[in-house]
Amino acid sequence: MRIYFLSYKPAILKLNGLYVGGIDSFERSVEIDIKDSVLAEIVPGENLQPVNFFINEKLLTAPPPFMDVYLMPDEALIYIREYGNKGLKLDVIFQTRFCGNLITLFSQGGVYLSVEGEKYELFTLPARFANARFEEKVLSNMPVLAIYGGNMLFLISDRGERIFMNEIESAEFDELLKIRAAFETCTAAKAECEYAYDGQKLTLISSKTTETRAPEKNILHFAFFESVLTCGDYKKYLSEELQDRAPVLKEYLGDFVSVTVPTEKFYAEHAESRAAGLVYPKAANLFEVKYFAVEITHDKITNVFPVN
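Because the structure is predicted, anything quoted here is derived from the model rather than measured. (Residues numbered from 1 in each chain as written. Predicted model: local features only at pLDDT ≥ 70, side-chain atom pairs only at ≥ 80, totals over all residues. Heavy atoms only, no water.)

Attention now moves to the overall build of the chain. Of regular secondary structure, the chain possesses four helices and 24 strands. With respect to the three principal axes, the spread of C-alpha positions in the chain is 60 × 55 × 30 Å. The buried share of the chain, taken over its 308 residues, is 44%. Of the contacts made within the chain by residues no fewer than 6 positions apart, 43% connect residues no fewer than 24 positions apart. If you sum the accessible surface of the chain, you get close to 16,700 Å²; carbon and sulfur atoms cover 49% of it. (Helix = DSSP H or I, 4+ residues; strand = E, 2+ residues; numbered from the N terminus. Buried < 20%, exposed > 50% of the residue type's maximum accessible area, 1.4 Å probe, protein only. Contact = heavy atoms within 4.5 Å. Areas by Shrake-Rupley, 256 points an atom, 1.4 Å probe, with all protein chains shown as cover.)

In structure tokens:
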């Protein structure tokens, strides 16, 4: 089986103790017989902890929490998305009281947020929250605590409960929470969403996705699948014959969570195919990639079908 390796930080890869090469945000692949249960060790820089695991059937059905595994026909991709820090000393980054809750942001091999009030909550946060800023806001006449970690917003209610966590470009607090978020799509799409707040949870009441640039013709199929994913105006990519079937088409594609470029092996077997990989959740940290292709006539999609 061909195994691809990705890492959010530059690192080196060892297999059964032997140095194989460097890995980073660009795919590197190795042919491995998973029946051999090969021991992989990935060692990052920046004084981060290495990770190690066996590449076998168990890994492809129940991956550990520090990685995501993507399954494809006769292939798999392993993405290391977090490493522990070797410094295990507890450092308090910020502490405040909010509506009777003691809020503590601290690092100890990672970044964590503890909320002590009527009950105790502990949240694991991305590393970007190591330089977070806190702001008390009023939403629907009720206090909320906004914690910004880079371009990510984390909201806590006056009861000390998490009510929102997502990447944003901007957020407005009034009767409604209004956010603008950017998608990593080939059309640089942006979403504007409005949420109502009842003091316990946020409810999405409106959402509009706008594509800020037109896709090039050779990636029209990617733009279409991404538009379906982000609830954009994907009908505009369809031929007149398919316009009325747009809702059925969305149901046909199912609940995929991202769109990816097919692998080198796929293109070798389907050289002329205008296909994209649609990523579907399968279990915790485990995903399945299914390939769908399109037929295009006069810059409009006339057919959508799976490719095995």
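There's plenty left to go through after this.
Spatially, four strands are ordered β3-β2-β5-β6 in an open sheet, and the strand pairing comes out antiparallel. Whereas interior strands pair on both sides, the edge strands pair on one side only; in this sheet they are β3 (18-23) and β6 (51-55). Here the average twist between neighbouring strands, direction ignored, is 25°. The pairing of strand β5 (residues 38-44) with β6 spans five bridges and is antiparallel. From the neighbouring strand, Ala40 faces β6, where its bridge partner is Phe53. (Pairing = 2+ DSSP bridges. Axes fitted to C-alpha atoms, helices over the stretch in contact; angles between N-to-C directions.)

Let us now look at the sheet that holds strand β14 (residues 142-149). With respect to topology, four strands assemble into an open sheet ordered β13-β14-β15-β16, the strand pairing being antiparallel. With partners counted over all chains shown, the strands left at the sheet margins are β13 (133-139) and β16 (162-167), one partner each. Recorded for the sheet is a direction-independent mean angle of 20° between the axes of neighbouring strands. Relative to β16, strand β15 (residues 152-157) runs antiparallel, the two sharing five bridges.

Time to look at the state of the cysteines. By the definition in use, this model includes zero disulfides. Residue Cys193 stays outside any disulfide, its sulfur separated by 9.1 Å from that of Cys231, the closest cysteine. (Disulfide = S-S within 2.5 Å.)

At Glu46, a position not held by glycine, the phi torsion is positive, near 60°. Inspection of the secondary structure puts Glu46 in the loop between β5 and β6. Looking at Glu46, the relative accessible area reads 56%, which means it is exposed. The backbone of Ser140 shows a phi angle near 50°, a positive value even though the residue is not glycine. Along the polypeptide, Ser140 turns up in the loop between β13 and β14. Since its relative accessible area comes to 13%, Ser140 is described here as buried.

Our next topic: helix α1 (residues 220-229). Most of α1 is tucked away, with nine of its ten residues classed as buried. Residues Leu220, His221, Phe222, Ala223, Phe224, Phe225, Glu226, Ser227 and Val228 constitute the buried set of α1. Following α1 by one or two positions, Cys231 has its phi on the positive side, about 60°.

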